[in-house]
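Here are the chains, one letter per residue:
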There are 2 protein chains.
Amino acid sequence: MANSSKRVTAAVLIIGNEILSGRTQDTNLAYLAKKLNEYGIQIREARVVPDIEGEIVDAINALRARFDYVFTTGGIGPTHDDITAECIAKAFGVPLVINDEIAEILRRRPSPPEIMEARMRMARIPEGGGLIRNPFGPHGFYIDNVYVMAGIPRVMQAMIDALQGQLRRGETIQSRSVTAYLSEGQIAKRLGDIQAGYPHIDLGSYPFYRSDRYGTILVMRGSVEADLDIMLEQVKQMIVDFGETPADIERG
Amino acid sequence: MANSSKRVTAAVLIIGNEILSGRTQDTNLAYLAKKLNEYGIQIREARVVPDIEGEIVDAINALRARFDYVFTTGGIGPTHDDITAECIAKAFGVPLVINDEIAEILRRRPSPPEIMEARMRMARIPEGGGLIRNPFGPHGFYIDNVYVMAGIPRVMQAMIDALQGQLRRGETIQSRSVTAYLSEGQIAKRLGDIQAGYPHIDLGSYPFYRSDRYGTILVMRGSVEADLDIMLEQVKQMIVDFGETPADIERG
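Enquirer: So what about helix 7 (residues 153-162) of chain A? Which residues, and what values?
Expert: Among the residues of helix 7 of chain A, V155, M156, A158, M159 and I160 of chain A are the ones counted as buried. If you follow the buried residues of helix 7 of chain A, they end up packed against helix 2 (28-38), strand 3 (69-73), strand 6 (130-132), strand 7 (140-143) and strand 8 (146-149) of chain A.

Right, dumping it as structure tokens:
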């Protein structure tokens, strides 16, 4: 899986104690993975870090150097535990400044001074950054290759929708999958041989147990559709050769 | 959140292309977080990496140096894409060796030579490592402070159950939570003041929108129950002061 020039890569940084404590089940990573693949961007790493400045700064700097994009979720509200904007500014070595566009949007909803002061925290973004628009409420921001979004799924989803067409587009990865009611041990050698013939396709093998039967889901992922179809035929033939019928074939 | 001597820390390393592609929704992290807290261990970071040797080796070495424990999930089956054991061995600079105990268990189920050869891949663990027993099937292993488990949730769960009592025990974190039908902007200042009085308690604020109402769940997490109860009373009083009724109070 060499990083060809056609592949645009991303990391996701999930910020929040509530994910690490198990209180909240993250669903943003899986959503982002599918959505970003539609945009021609592949997630190559994800990290979850607590609401601690040093941890967030270090993770941002490690990831933004290695991947084309970094997408963060969480920590952009008005309360004391929302420290993402400060951390991104520190990571880039720039000050936080009031973004006039966000400030104007926040001022449109009148509030008593104390509440307005808290809400105006959300107008501060790192110097040199820009706005991620969100028609449904709070806004995100970006600076260089780092895109900073909310943690609440429906708000994050509105923000990633707003980014459509604004990001560099690479290959989209297609997939084929087929279920074999065979154990991984039975098919391991044949599967390895098939994989060896197509190093640019990822052939994944995911065992399961359901309705009292053991089986394995075989998933092929790559950008060359013709090769995916040839590999799918080889995998189907393998299943037939072991005396079973290929099931649940999916193309995506 | 200083790392006191009573706190035992862990990182989780989730290994698998299927998580990064969004094909599979990870649930192991949330499960492990709750279970490890019962064991007196706190997860401080999680990473998801693809089935690529260099990525896995680097992540293992970064995490095992920083945390008391590392728990990995995924990549321990018999197929070509199961490379976790090799990667852990490389990270520790030791060879893979046949573990006699695992080999004996695998030999108990008779198989044709080709299948047995594939299954025996699962008996190879890094030299110096030991077995994580699992009554329901495949086994995991550990070496030093790294614990290597399956990706399939029910198998992983059996493995982490098997580790009960074998890990160093630190503080268990308790929590209190209460719902306020108030916006984060309204309560931000008061909440910051309450947090400032108890730096050893994490006071988290999680906004939501449901049944047509906006609200915020306030979560307190710490190891001193008496302080948690005092903070809970302060947060409840704040909600009352803003004209609302504290709802859905939970202790955990």
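Enquirer: Pulling in residues and values, what's your account of the confidence of the model for chain A?
Expert: When pLDDT is low, close inspection of the predicted coordinates is not appropriate. Per-residue confidence for chain A averages 94 on the pLDDT scale, and 98% of its residues sit at or above 70. Reported for the predicted complex are a pTM of 0.95 and an ipTM of 0.94.

Enquirer: So what's going on with the relation of the copies chain A and chain B? Which residues, and what values?
Expert: In screw terms, the move from chain A to chain B is a rotation of 180 degrees and a rise of 0.0 Å along the axis, fitting with an RMSD of 0.0 Å. Both copies of the chain, as the preceding transformation shows, are related through a two-fold rotation axis. Across chain A, the smallest distance between a C-alpha and the rotation axis is recorded for R47 of chain A, namely 2.2 Å. Take the interface residues of chain A: 100% of them recur as interface residues in chain B, which is what a same-surface contact looks like.

Enquirer: Please provide a residue-by-residue account of the packing of helix 2 of chain A against helix 7 of chain A, values included.
Expert: All names here are of chain A. Interhelical geometry of helix 2 versus helix 7 gives an angle of 20 degrees and a closest axis separation of 11 Å. Classified by the angle between their axes, helix 2 and helix 7 sit roughly parallel to one another. In this structure, helix 2 meets helix 7 at a crossing whose hand is right-handed. Residue-level inspection shows N28, Y31, L32, K35 and L36 of helix 2 in contact with helix 7, the latter providing P153, M156, Q157, I160 and D161.

Enquirer: Let's hear about the domain arrangement of chain A: which residues, and what values?
Expert: When the domains of chain A are assigned, the result is domain 1 (8-162) and domain 2 (174-251). A separation of 38 Å is found between the C-alpha centroids of domain 1 of chain A and domain 2 of chain A.

Enquirer: Give a description of the interface of chain A and chain B that names residues and reports values.
Expert: Between chain A and chain B, the contact holds 58 residues from the first and 58 residues from the second. A per-residue breakdown of the area chain A buries against chain B is headed by L20, R23 and H80 of chain A, which together make up 12% of the total. At the junction of chain A with chain B, the criterion picks out two salt bridges. Taking the shortest distance from any N to any O, the salt bridge between E55 of chain B and R66 of chain A comes out at 2.9 Å.

Enquirer: For the sheet that holds strand 11 (residues 213-222) of chain B, give the residues involved together with the corresponding values.
Expert: All names here are of chain B. One open sheet holds the four strands; their spatial order is 10-11-9-12, and the pairing between them is antiparallel. For this open sheet the edge positions go to strand 10 (202-210) and strand 12 (247-251), each flanked by a neighbour on one side alone. Each strand of the sheet is rotated relative to its neighbour by a mean of 15 degrees, with strand direction disregarded. Of the pairings in the sheet, the one linking strand 9 (residues 174-180) to strand 12 comprises three bridges and is antiparallel in character.

Enquirer: I'd love a proper account of the sheet that holds strand 6 (residues 130-132) of chain B, names of residues and values included.
Expert: Strand order in the open sheet formed by 12 strands is 6(A)-7(A)-8(A)-3(A)-1(A)-2(A)-2(B)-1(B)-3(B)-8(B)-7(B)-6(B), with mixed pairing between adjacent strands. Each edge of the open sheet carries a strand with a single partner, namely strand 6 of chain A together with strand 6 of chain B. For this sheet the average axis-to-axis angle between neighbouring strands, irrespective of direction, equals 20 degrees. With respect to the sheet, helix 2 of chain A is in contact with strand 1 (8-15), strand 2 (41-49), strand 3 and strand 8 of chain A together with strand 2 (42-49) of chain B, its orientation differing from that of strand 2 of chain A by roughly 160 degrees. Those strands touched by helix 7 (residues 153-162) of chain B are strand 3 (69-73), strand 6, strand 7 (140-143) and strand 8 (146-149) of chain B, and its axis lies near 145 degrees from that of strand 8 of chain B.

Conventions we followed
Residues numbered from 1 in each chain as written. Chains lettered and ligands numbered in written order. Predicted model: local features only at pLDDT ≥ 70, side-chain atom pairs only at ≥ 80, totals over all residues. Heavy atoms only, no water. Buried < 20%, exposed > 50% of the residue type's maximum accessible area, 1.4 Å probe, protein only. Helix = DSSP H or I, 4+ residues; strand = E, 2+ residues; numbered from the N terminus. Contact = heavy atoms within 4.5 Å. pLDDT = per-residue confidence, 0-100. Least-squares fit on C-alpha atoms with pLDDT ≥ 70 in both. Axes fitted to C-alpha atoms, helices over the stretch in contact; angles between N-to-C directions. Parallel < 35°, antiparallel > 145°, perpendicular 65-115°, else oblique. Left-handed = near helix turned anticlockwise from the far one by under 90°. Domains from an automatic or database assignment. Buried area = accessible area lost by both parts, 1.4 Å probe. Salt bridge = Lys/Arg side-chain N within 4 Å of Asp/Glu carboxyl O. Pairing = 2+ DSSP bridges.

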